[in-house]
Amino acid sequence: MESWAGHEVPRLPGRGEPLALYDSARQGVHPSEPADAGSMYVCGITPYDATHLGHAATMITFDLVQRMWRDAGRPVRYVQNVTDIDDPLLERAARDGEDWVVLAMRETALFREDMEALRIIPPEHYVGAVESIPDIADKVEVLLKDGAAYRLDDGTGDVYFDISATPRFGYESNLTREQMLEIFPERGGDPDRAGKRDPLDPLLWRGARDGEPSWPGGELGPGRPGWHIECAVIALNLLGDRIDVQGGGNDLLFPHHEASAAHAERLTGQAPFAEHYVHAGMIGLDGEKMSKSRGNLVFVSRLRADKVDPMAIRLALISGHYRSDRTWTDDLLTAAYERLDRWRRAAAAPAGPSGAELLAEVRARLADDLDTPGALAAADRWAEATLAGATDDPDAPALFANTVDALLGIRL
Ligand code: 5CA
Ligand code: ZN
């Protein structure tokens, strides 16, 4: 499907630093130095209640990865999906008496607008689950034939993945089986479904039901894809057997990314599927995770309609570290406006302290697992000295503006 429009990213002098990122599987910060192009798959929206600030924060996080790789001279291959068919989307459409296709199209269009406003560099491929159904059905068939999947014998046509088909199940999330069993039903899993070999086996293909949309599945029979196989197949098809970064919010640590990795690894015979499994923290409101089910959502489009500067939204969201769960408050936005104002005045100054040093510092902070609070502090120090009248470097204000534009996505 259509992605969104990109924008010019200024080129910075010299070469950026190699990026190190926290990998959930290895539970540590490790270099992410793709030999050639950096490949990244990010789990995108299920198109309803978009774009809330949690979605925005996660998309900004992976936008920073892309910016760092580019700055280090690497081309980037970036794929993002839209889960434009799944139970939660159908449930929301039914609740509101709306056609699910119309709901998905409208919300995806809104998401694209918000991404553009937030200056998120678009993915090379923006791919819907629906358009991927033939490919997904093919891969489910392969798993069935390979003995890694099984069909329930209750006449539904539902197909499940057998988690014992991979010896590594659990390596990505590092959760105990007890923890997995607790989380699984909270995140779309069905541990109590009769006929499954293991309660944690994830759904690969849901056989057609009356009143539900379905697609021809070849030998599988009509139905629609499960959630995890969607992301595994889209990533494999467009990025190859092994990717550098599998990204999303930390609500996807389990079962989504664990199961996607298991599917991909069984299909390719190669492990790990991703070099880095990178998870952004949850954005909350009033102490609770911002989520569709809780309904405590702040929308980017609502803020934009209220004439809030998207750059202030972006700056507010990156003022905390991407990995920490954090709370959205009006104070955060006020502080972001004050910072933007100081930065804009400093960028318009005739001179400032060394621009090269500022650039090196911002690069170094971001290269260390996207330390945005550290990068913002460095920019603040430079702006403060500039506003206090430092005159060392007449080229520094322009370089400062280009640095925060190229690396942080903040256009002054
Ligand atoms: N379509 C699936 C992924 S394949 C999905 O999780 N959709 S979503 O609309 O629920 O979320 C879209 C992206 O935003 C995911 O990467 C998810 O992890 C992330 N996300 C959802 N809620 C939050 C939140 N409160 N804070 C930060 N990120 C969030
Ligand atoms: Zn996904």
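Heads up: the structure comes first, above all this text.
Here is what the cut-offs are and how they apply
- Residue numbering note: each chain is counted from 1, following its sequence as written.
- All chains are assigned letters beginning with A, and all ligands numbers beginning with 1, in the order in which they are written.
- Two thresholds apply to this predicted model, a pLDDT of at least 70 for residue-level local features and 80 or more for giving and counting side-chain atom pairs, whereas whole-chain, interface and lining totals are computed over all residues.
- The side-chain quantities take in all heavy atoms of the structure and omit both hydrogens and water.
- Helix numbers and strand numbers start at the N terminus; a helix is a DSSP run of H or I with at least 4 residues, a strand a run of E with at least 2.
- Working rule for helices: expected span equals 1.5 Å times residues minus one.
- Any two residues whose heavy atoms approach within 4.5 Å are treated as being in contact.
- Each metal's donors comprise the N, O and S atoms found within 2.8 Å of it (within 3.2 Å for Na, K or Ca). Water is not part of the atom list, so some coordination spheres may appear incomplete.
- A four-donor site is called tetrahedral if each angle lies between 85 and 135 degrees; a four-donor site is square planar, and a six-donor site octahedral, when trans pairs exceed 155 degrees and the remaining angles lie between 65 and 115; all other cases are labelled irregular.
- Buried means the residue's accessible area, taken with a 1.4 Å probe over protein chains only, is under 20% of the maximum for its type, while exposed means over 50%, and partly exposed covers the values in between.
- To get an axis, a line is fitted to the C-alpha atoms, and for a helix only the part in contact is used. The angle between two axes follows their N-to-C directions and goes from 0 to 180 degrees.
- For classification purposes, an angle smaller than 35 degrees is called roughly parallel, one larger than 145 roughly antiparallel, one from 65 to 115 roughly perpendicular, and anything else oblique.
- By the convention adopted, Pro, Cys, Tyr, Trp, Phe, Met, Ile, Leu, Val and Ala count as nonpolar, Lys, Arg, Asp and Glu as charged, and the other residues, Gly among them, as polar.
- Only when DSSP finds a minimum of two bridges between them are two strands counted as paired.

**Student:** Sorry if this is basic, but what is going on with helix α4 (residues 133-145) here?
**Tutor:** One full turn of an α-helix is made of 3.6 residues, so residues set three or four places apart face in the same direction. A rise of 1.5 Å per residue sets the reference length of α4, with its 13 residues, at 18 Å; its end C-alpha atoms lie 18 Å apart and thus fit the reference within 8%. Among the structural elements, β6 (149-151), β7 (159-161), β8 (203-207), β9 (223-225), α6 (227-239) and α7 (253-268) are those in contact with the buried residues of α4. Positioned one or two residues after α4, Gly147 has a phi angle of 85 degrees, which is positive.

**Student:** I would appreciate a short explanation of the coordination of the zinc ion (ligand 2) in the present structure.
**Tutor:** Protein ligation of the zinc ion (ligand 2) involves Cys43 (SG), Cys231 (SG) and His256 (NE2), the donor distances falling in the range 2.1 to 2.2 Å. Each of the four donor atoms around the zinc ion (ligand 2) contributes to a set of angles spanning 102 to 118 degrees, which defines the coordination as tetrahedral. Counting along the primary sequence, the residues that act as donors to the zinc ion (ligand 2) give the motif C-x187-C-x24-H. Of the two residues, Cys43 sits in the loop between β3 (38-42) and α1 (53-71) while Cys231 sits in helix α6, which places them 188 residues apart along the sequence. The exposure class of Cys43 is buried, given its relative accessible area of 6%.

**Student:** Any chance you could explain the packing of helix α2 (residues 87-95) against helix α3 (residues 100-117) here in plain terms?
**Tutor:** For any two helices packed against each other, the geometry is given by the interaxial angle and the distance between the axes. At a minimum axis distance of 9 Å, the contact between α2 and α3 shows a crossing angle of 105 degrees. In terms of axis orientation, α2 runs roughly perpendicular to α3. Residues Leu89, Leu90, Arg92 and Ala93 of α2 touch α3, and the partners they reach there are Trp100, Leu103 and Ala104. A class-by-class count of the residues in the contact of α2 with α3 yields six nonpolar, no polar and one charged.

**Student:** Would you explain the sheet that holds β6 in this entry?
**Tutor:** The pairing of strands in a sheet happens through backbone hydrogen bonds and is either parallel or antiparallel. Strand order in the open sheet made by the four strands is β6-β7-β8-β9, with antiparallel pairing throughout. Either end of the sheet is taken by a strand with one partner, and the two such strands are β6 and β9. Adjacent strand axes in the sheet meet at a mean angle of 15 degrees when their direction is disregarded. The sheet contact formed by β6 and β7 spans three bridges and is antiparallel. From the neighbouring strand, Tyr150 faces β7, where its bridge partner is Tyr160.

**Student:** Quick question: what am I supposed to make of unusual backbone geometry here?
**Tutor:** For the bond from Ala50 to Thr51, the omega torsion is -15 degrees, close enough to zero to count as cis. Its location among the elements puts Thr51 in the loop between β3 and α1. Cis rather than trans, the peptide bond between Phe254 and Pro255 has omega equal to 0 degrees. Within the secondary structure layout, Pro255 lies in helix α7.

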